Structure formats: structure tokens, C-alpha cells
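Reading the structure
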Amino acid sequence: MKYKFRQEILMKGLVPKILFKFVFSNAMIFFYYIAKIQINNEKPGKKMSAKSKVFSFILIISVLFIFLLSANLAAQSSAGIQTPQKYFGFKPGTDRMLIDYEQLISYLKKVDIASTRIKLVEIGESPLGKKMYICFISSAQNISNLDRLKNINKELALNSNLTESARQKLFAEGKVFILATLSMHSDEVGPSQAAPIIVYDLATTTDPLKISWLNNTVYMMVPCHNPDGMDMVVNHYKKYKGTKYEGSSMPGVYHKYVGHDNNRDFVTLSQKDTKAIARIYNTTWYPQVMVEKHQMGSTTARYYAPPPHDPIAENIDAGIWNWSWVFGSNLITDMTKDGLTGVSQHYLFDDYWPGSTETCIWKNVIGFLTECASADYAKPVYVEPTELNARGKGLSEYKKSINMPEPWKGGWWRLSNIIDYEISSIISIIKTAALYKDRILQYRNDLCKREVKLGKTQPPYYYILPLKQHDESELVETVNLLNEHGIEIYKITSNLKINGKNFNSGDIVIPLAQPYRAFIKEVMEKQNFPVRHYTPNGKIIKPYDITTWSLPLHRGLTSIEVNTKPAGLENSLQKLTFPYSLKSSMPENYRAAFFTVNNNESFKAAFTAKEMGLKVERLTENVKVKSETIPKGSFVVYANNKLGKLIKTLTVSPVFSSEKIKFSSEPLNIPRIALIETYFHDMDAGWTRFIFDTYNLPYKVIHPGEVEKTNFEKNFDVIVFPNSNKDILMSGKYKSKNDYYPSSYPPEYTKGIGKMGMQKILSFLDNGGKIISWGNSTGLFMGTLTLEHGKNVKEEFRLPVNDVSSSLQKNGLYVPGSLVRLKLKKDHPITYGMGSEVGVFFRAKPVFTTSIPHFDMDRRVIGYFPEKNLLLSGYGEKLEKLGNKVGLVWVKKNKGQLVLFAFNPQFRASTQSNYKLLFNSLLLK
């Protein structure tokens, strides 16, 4: 990297010219300083001497020459760079024209070769294998010096022991790094489409102001946060371009798995693209500023700029919020000056929860998002003035206000308008970072020092995760995840007692005296939603998204918060090496390996072993192996050469048996799974696919319109219905009260299950099939159902379960995504490997009650909500109304079985403590 500047100069044959200009410019700079000294030596009020007049003339000529030389070098650096319009054949932003990801990266690679201000660096790959990049944009000198600047960033971010003199040197030498992630939500096309224009402008500009800003900053542009989705959306738009469905919604999720929820993954870090972005601020480049570029609806404000609205995260330093005001104030000022109207701030979007790209603020980065009004991709939309509205926090009506001082008046809204707003906003952010360079760099290290000091002087001081956990594999996963977040983690090297509790050698210790203290505290403690009101004692400001994300609680781990400084702990700590595991050496000879059902990883091992063709059985009773009791429901895999390879991929060792042991077991059969996924951006189905792929569970996706023609009884054992709206599943339409209205998808993607398809599903159930359903999809099985047994034979029935959530919500029940306690039925096949209770992610719908069954039906309550102490983490109102209601129920209908969840057991791949309930349900006999 550091040699690129020199190599490109040689390639372009500029050595003689630059050598001459270097010598001459240094001579001019020398004359400049001599002249300045001479003039400064003149006494005030005294007539300037002839000598000083000569030096004044030299001073003016020197300044003029240095300016012209800078402009000349800038012009030379732009030689050979094609404009985006010439390269693509149209200017990005042109009506009804879009570039795809490959075109975008191809252009950036060309500019990278031609310009000394640009450096394209690979940072990872997308879930579908596309390479991801950062495009560094700065002065040629900064680009050639990136390695040194990267080290400065790291020192300022992580070194709390810097002396003041060392700090001052780093402030002087360092630059503000600004990370911008573009178009993570792929239907928000504008930011990535604007990227080539911004790159060309900054690579070729001769504007002395922009050049000075680039001297003080490094703009780190991720040209597309979601490469897979960008291509999906562009291809969809092109497919329907020129037809009545141009601008229609893209069917499916614009991602391999999670679609819009890629902006909910920055705690869990489950997706490859999320990991690539998070590494930038967690462990590699440590930028000081981050902006996440989005779009919003078409009929509200034209642009949202920071700061956010309440509520805000309470663990975040006040300075982060203050700096968001600085950037936001400059944004709205600069964009208005550029003639852009409808810019708002302090509107709609809050920032109290981690999970978005802005999780960087918990890592001491000044982070914020922007949102621009949308067109229909590249198709212009006309917005009537009467259609403009404001909704949510910060703007009660679409009128001139302190949060939107110059409203947009309506009219045509085009992709080119979006690009204008994007260009203006990025230039403003770069300008602000340059103007405050030293203060921003100082703040980064000040905050590092402050967080470390808080960790030493203010509780909590430590979180301790005992080595002995119900699910050891989730302990390992959590420790490795925290390391991926840049957290320093230790283990206890000898047994000791802290605050009356005994801790053992190997127990995990996470000190809070480290730069990312705010993040540690945020994800390790239980959540208490920061309740704020619009007026005193008035309505609460409702959360934008979920209210719980505690890693220990979501993963079912025991975690101890240490709020007093324990003597002797520091001297008993050893830093962990990574990757962390609990694997022991594998014996050379053994007959079988036992994988405890308590560990999620055991299911993965069993499913993978079956995929490899190994013999796998499941225990039907507890068995003792050596001195360890292996619980019922655990897996036995018999010795085989392939098994050794499998075990090497795991993080927890199984229990090996070298002797023949008597035990009761049955063969493990992997069910043939049909996964129902709608085309309506079905994120929950996408997360389900991700979990199944991660655990090596085979499945086939069936879309609602395919149900009628699918022979479930012949080809499948289980049908899985993730959380999806009943009306979308049945009819492919949305329903509001008693009215159905069509979607924005092309008609070939909107066919529902329909009456005949529902008959297929009920017949499958009646004849011995298994159905697993959670969330809104459970509505398919509520109320009176009709099963046709032939042309003239109809059976009407109601399952012995009912959803009472509507009446509870009318009476005040409100749960905006919280972790709620669920009591579990012991020793049931669905609860193998579970404790007596579990925290479930819950949003108040559905809520079940059961009744005495009739005819060929039965039911068992597998999980119910207790009457007291329901809330484990998050927020809720009138939770007592959940008391003694059902959250998980098993239902029998003739030969078939139905498992209904009131909660998402795999919610965003973040509720690992629930996974076994899902896997056990799939494996029901």
C-alpha cells in the first residue's frame, strides 16, 4: 500500500516534472517563510521599508505559486480518469437507469489505477461470495501513508496510557477517518448510485477548499454494504423496466438470508457482510466518524440528518450525541445553502438500541445515519403537495418548524434529486470532519481514557461467565463473539471467592476497564428501556425497534455482575487466546461419542454426522458414561474416520466411550422439511433458512402459491411456517380491518395458499404430518377449520387452542419486543435439553389459551407465562395480563401433530436459548 503513490508516479512518467516542481516549490516555500519573518520584524506603525516591500512581493508570489502548483498537480492526478457518464454511457441518476454492483466496482478499480487519491481495499465477501471493498479517498500523501495513519487511529482508539506529548504528536500527524456505508437496504439505491460521481469529484477536484479537506481527512466509502442485494434489485428493476410493473417491489429478500434485517445484525454478527463492515470499526481501521446512508418513504421530509430523537442509549458518552449535533447542524446548513429543501433533523429515528451499523457508537465512534426520500428505484415519482405528511417523533405535521426549517413543496422526485442530496451531505460531512480534525482526534482518545477510568472507578467492574454452563457451546460462541467485537477477555487461573461466591479456574472474566466499556455493559446487562414522554406524564415515546439484546439472557448463560472491587482477582487473570474452545484431546480408540442435548452444538454435530452418512442415535433415557450423566435426548455417534474430522470442527468435545455401554436409544432420522416462505420480503423465513443452513438441516422452500400443487404427504415430514401475516399467506394480499388491498409486487408473486392449498395442509396434518408454526402464521390454524375427506364429506373442527392477544392488547398489554419468562413442561420431547424455564423474545401476539379437546384431538401446554416476574429484559405494559396464558403448545389432530409458538424461537439468530425447542419439535416422532 505505501508504495502505490511512488509506483503510479513512475508509471505515469511524471518523475522529471514532479522532481522539478518539488525543488522549485520548496524554494518558493523557503522564500515565503523568509519574507514572512522579514515582514513580521517590521515595527508597528512604522512606514514599510523598501526591503520589506520586496519581501511582501515575494510573499504574494510564493502563495500564488503554491496555490497554482497544487491545482496543477491535482489536474495531473485526474489525467486519464473517465467521467462516470463516459464510462457507464449515462450519468448515474439519469431517469430509469441503474448501475449494478459489478459496474460500480469496475469503475472504482479504474479510478484506483488512474488516481493517487484513491485506494480500493478488499475487506471481505458477501454471503453470495461477492468481494466487498473500502474505497479510501484522500490526498495522495495520505493515501501513500495509510498504514501509518491506521496505526495512529489504533493508538488513539485503544491506548489509554498515552502521554500528553505523545497525544499532541498524534493529533498533529493524524487524520479524521470517515466511514460511510452505502445502500445496505438495496431498494434504497441512491447512495450507491451516487458513489461514482462523488469519487470522480474528489479524485479530480482542483477546488482548494476540497483539497484542504482531503488533506485533513480520509473518506472511507464502502460503495455498497449489500452487494448481493444491489444486483438483485437492479436486475429486478431492469426486468420490468418499460412495463406497467416498473418500480414494483422486488419479490423475496434482497440478501441471501435476511433482507432489511441486515441492519439488525451488528450485535450478533451472524452474516458475512455484517462481519466485514463491523471489523472496520471493531478491530482494524478504527475510524473516528461513521455515517450509514439510507432512504425512507416518498411523501415525508426529503432528508433526515442527525441528531436522532429520544430515546437515546444511556450507556453512550454525552460527547457522541453532542458531536452528532455538530455534524447534523452543518449538514442542514450546508444542504440548505446548496438549495436543497425539506431537510429535517431530530425526527422519527431514535438511537437507544444496538444492532444497526451505528452500533459503532458503543465503540466510541461518532456515528449517525442519514435518510433521503425515495423514488421508485430509478423511476421518478410525482408527489402532490397534499400528499406530503409527517409522522412519528419530532414532526407532528408537515409544516415549517425548527426540525424542518424549509419544507419541500412537492412535485417530481427523481433519482437525480437523491444523488444531489447524497453528494451535498457527504461533502458537508467531510468538511466538518476537516474543520474539527484536532478536536475529533482528541475526543477519540479522551473517550478511550474516560471509559477505561470509569471501568476502574465505577461499577460494574467485571462480568464473570462461569465455565460450567447449561449450554457450554453457547459460552464458547459468546466469548468468541465478544472477541470479534474487539473486547479483551480473560480467564481465572485459580479458584477464588468473590463477594461470597466461589469461582473456579477457567471461569471467564470481562473487565470493564477497557475502551469499549459502553458496549460491554450494554450487551452484558439486562435491558431497562429508557422511558421518555412527549409531555410530563403523557404518552411514552415508543421504541423504534426491539428493547432487549442481553447476550447472557438471550443465550441462556449464567453471568455474574461484579459491583465491588474484588481483592486478588487482577493477579489471577490470564488473557485468552483465540479462537476459544473447550475441546480436549480426542482418544485414539473409542467406540462412540456422546453429544449432550444441553448444547446447541450437539444438534449441529448430529445433523452433520447424518449428512456425512454416519450412524447416529438419540438416547431415550439418561445414561452414565464414566462419571458423567448424559441426559435423555442426547446424541450418540459411533466411531468412524469421518467422525474425527467432524469433531475437529466443533468447539466443545463430546464424551467418548471406549467400552460397550448398555443404553436405550432410537435411530435419528432427519425429517424432510418444507419451509413456507412468501415473496413479501419474508425476513423471518430468511432467518429460518440461515439457522437451518448453519446447523446443516436440509429443507425445501415452498412459496404459498405452490402449496396447492405440492404433494406434502409424499415428499415431506414437516411443514414449517415462520412468522408471516395470515392474509399474505392465504391470499397474497394485505388486510386492514375487513378490507383487502393489493401489494406492490408483480402479480406472479402474489398468489396465496388459497382454499385448495389449505386443504392440502390440513390433509397432511390429519394423515400424520407435522406442522410447526410461530408468530402471526399461527393464525392459519385458529378458529373453525374445514377438512374435506372427499367430494361430499366435510369435517368442521376447531383445534383446542385459541389466540386471545387482541383482547389483551385492547386492555393495555404492550410488549415491543422484550424477553419474557416462560415456564416449561419437564421431560417432554420438545423440551429435551432445556431447563425449567426460558426467556423468549415476545411481541404480545399471539397469546394462546387451550380448552378440553373433542374427537380425535388433544393438546399439551409445553410453555406458559407465569403470573409474576415475567419481564426478564426490555419493556412492557400490563404484563400481568399474560399470567397463566400459553406461549407454546403441542396439538394432536388425528394422526398428525402441530406445534404452535407464540414467539419466534430463532429471532434474528439472537435467541440461542430457544433453538432446542425448535430442533426438538422438528424431530418429534
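For clarity, every value in this text was computed on a predicted model and none was experimentally measured. (Residues numbered from 1 in each chain as written. Predicted model: local features only at pLDDT ≥ 70, side-chain atom pairs only at ≥ 80, totals over all residues. Heavy atoms only, no water.)

Considerations on the overall build of the protein
Along its length, the protein carries 26 helices and 42 strands. Against the 2.2 N^0.38 benchmark of 29 Å for 925 residues, the protein shows a C-alpha radius of gyration of 31 Å, consistent with a compact globule. Dimensions of the protein, computed from the C-alpha atoms along their principal axes, are close to 115 × 70 × 60 Å. Split into buried and exposed, the 925 residues of the protein put 58% on the buried side. Partitioning the intrachain contacts of the protein with sequence separation of at least 6 by distance along the chain shows that 78% fall at a separation of at least 24. Each charge class in the protein was averaged separately, 118 positive and 85 negative side chains, and the resulting centres sit 3 Å apart. (Helix = DSSP H or I, 4+ residues; strand = E, 2+ residues; numbered from the N terminus. Rg over C-alpha atoms; globule rule 2.2 N^0.38 Å. Buried < 20%, exposed > 50% of the residue type's maximum accessible area, 1.4 Å probe, protein only. Contact = heavy atoms within 4.5 Å. Lys, Arg positive; Asp, Glu negative; His and termini not counted. Charge placed at Lys NZ, Arg CZ, Asp CG, Glu CD.)

Considerations on unusual backbone geometry
Pro459 connects to Pro460 through a cis peptide bond whose omega is 0°. Tracing the backbone shows Pro460 in the loop between α15 (437–457) and β13 (462–465). The backbone of Leu348 shows a phi angle near 70°, a positive value even though the residue is not glycine. Tracing the chain through its elements places Leu348 in the loop between β8 (343–345) and β9 (350–351). Its identity as a non-glycine residue notwithstanding, Ala909 has a phi of 55°, on the positive side.

A look at the environment of Ser324
Looking at where Ser324 falls in the secondary structure, it is placed in helix α13 (residues 318–337). For the pair Ser324 and Gly367, spaced 43 residues apart in sequence, the C-alpha to C-alpha distance is 7.3 Å. Look past the residues within four positions of Ser324 in its chain and what remains in contact with it is Pro306, Pro307, Pro308 and Ile366.

Things to note about empty space enclosed by the protein
One pass over the structure, following the stated rule, counts four cavities of 30 Å³ or more. Empty space within the largest cavity amounts to approximately 160 Å³. If you go around the largest cavity, you meet 17 residues; those closest to its centre are Val267, Thr268, Ile546, Trp549 and Ser910. (1 Å grid on protein atoms, 1.4 Å probe; cavity = no way out; pocket = protein on both sides within 12 Å on 5 of 7 lines; lining within 4 Å. Points joined across faces, edges and corners; volume = space filled by probe spheres on them.)

Observations regarding helix α16 (residues 472–484)
Taking 1.5 Å per residue, 13 residues should reach 18 Å; α16 reaches 19 Å between its end C-alpha atoms and fits that length. Those residues of α16 not exposed but buried are Ser473, Glu474, Leu475, Val476, Thr478, Val479, Asn480, Leu481 and Leu482. Of the residues trailing α16, Gly486 is marked for its positive phi of about 85°. (Expected span 1.5 Å × (residues − 1).)

Remarks on the pattern of salt bridges
Taken as a whole and assessed by the stated rule, the structure comprises 36 salt bridges. Note that Arg672 is salt-bridged to Asp717, the shortest N-O span being 3.1 Å. Placement of Arg672 in the loop between β26 (665–667) and β27 (673–676) and of Asp717 in the loop between α22 (712–715) and β29 (718–721) is noted, with a sequence separation of 45 residues between them. Salt bridges sharing partners connect three or more residues here, namely Asp261, Arg264, Asp545 and Arg908. (Salt bridge = Lys/Arg side-chain N within 4 Å of Asp/Glu carboxyl O.)

Description of a positive patch on the surface
Side chains of Lys583, Lys642, Lys645 and Lys648 sit close together on the surface and give a patch of like positive charge. Within the element layout of this structure, Lys583 appears in the loop between β19 (573–575) and β20 (592–595). Of the residues examined, Lys583 reaches a relative accessible area of 37% and is grouped as partly exposed. (Patch = residues over 30% accessible without salt bridge, like charges linked within 9 Å, V, L, I, M, F, W, Y side chains within 5 Å. Areas by Shrake-Rupley, 256 points an atom, 1.4 Å probe, with all protein chains shown as cover.)

Things to note about helix α17 (residues 517–524)
Along an α-helix, residues three or four apart share an orientation, since each turn contains 3.6 residues. For α17, the buried fraction is high: eight of the eight residues fall into the buried class. Listing the buried residues of α17 in full gives Arg517, Ala518, Phe519, Ile520, Lys521, Glu522, Val523 and Met524. Lining the buried residues of α17 we find α15, β13, α16, β17 (508–511) and α18 (551–555).

Considerations on the nonpolar core
One finds Phe136, Tyr219 and Ile510 to be the most contacted residues of the largest nonpolar core, which totals 150 residues. With ten residues, helix α14 (residues 415–435) is the largest single contributor of residues to this core. Those residues in contact with Tyr219 that sit more than four places away from it in its chain are Cys135, Phe136, Ile137, Ile178, Ala180, Ile198, Leu202, Ile426 and Ile430. Ile753, Val804, Ala844 and Leu879 belong to the second-largest nonpolar core, a separate cluster that totals 98 residues. (Core = buried A, V, L, I, M, F, W, Y, C linked by side-chain atoms within 4.5 Å.)

Regarding the confidence of the model for the protein
A residue-level look at the protein finds 91% of positions with pLDDT of 70 or above and a mean pLDDT of 93. Every residue in residues 1–23 scores below 50 in pLDDT, and together they form 32 contacts with partners more than four places removed in sequence or on other chains. (pLDDT = per-residue confidence, 0-100.)

Some thoughts on the sheet that holds strand β21 (residues 616–619)
In a beta sheet, neighbouring strands pair by backbone hydrogen bonds and run either parallel or antiparallel. The sheet built from five strands is open, its strands ordered β25-β20-β24-β21-β26 with antiparallel pairing. The open sheet is flanked by β25 (655–657) and β26, the only strands paired with a single partner. Direction aside, the axes of adjacent strands within the sheet are offset by 30° on average. Strand direction decides the pairing type here: β21 and strand β24 (residues 635–638), joined by three bridges, are antiparallel. Within the sheet, the bridge partner assigned to Val616 lies in β24 and is Val637. (Pairing = 2+ DSSP bridges. Axes fitted to C-alpha atoms, helices over the stretch in contact; angles between N-to-C directions.)

Describing the packing of aromatic side chains
In this structure the tally under the stated criterion is 44 aromatic pairs. Seen in terms of ring centroids, Phe327 and Phe368 are 5.5 Å apart; in terms of plane orientation they differ by 35°. Their pairing is tilted. Highlighted residues: Phe327 in helix α13 and Phe368 in strand β10 (residues 366–373), separated in sequence by 41 residues. Residue Phe327 shares its accessibility class with Phe368, and that shared class is buried. Pairing Phe712 with Phe716 gives two aromatic rings, centres 5.9 Å apart and planes at 45°, and the pair type is tilted. Pair check on accessibility: Phe712 and Phe716 agree, each one buried. Pairwise contacts between aromatic rings join Phe603, Phe607, Phe635, Tyr695, Tyr915 and Phe919 into one cluster. Seen from the ring of Phe519, Lys363 lies directly overhead, with NZ or CZ sitting 4.2 Å from the centre. (Phe/Tyr/Trp six-rings, centres within 6.5 Å; stacked < 30°, edge-to-face > 60°. Lys NZ or Arg CZ within 6 Å of the ring centre and 35° of its normal.)

Section: the side chain of Ser913
Take Ser913: it is sitting in the loop between β42 (896–901) and α26 (915–922). The exposure class assigned to Ser913 is buried, which follows from its relative accessible area of 9%. For Ser913, the side chain forms a polar contact with the main-chain oxygen of His554, separated by 3.1 Å. Within the structure, the side chain of Ser913 is placed 3.2 Å from the side chain of Asn914, a separation counted as a polar contact. (Polar contact = N/O pair within 3.5 Å; in protein donor to acceptor, adjacent residues only side chain to side chain.)

Some remarks on the side chain of Lys916
Structurally, Lys916 can be placed in helix α26. Its relative accessible area of 2% is what places Lys916 among the buried residues. Within polar-contact distance, the side chain of Lys916 engages the backbone oxygen of Asn598 at 2.9 Å. Discounting chain neighbours no more than four positions away, the residues touching Lys916 are Asp471, Val597, Asn598, Asn599, Asn600, Phe603, Ile830, Tyr832, Gly833 and Met834.

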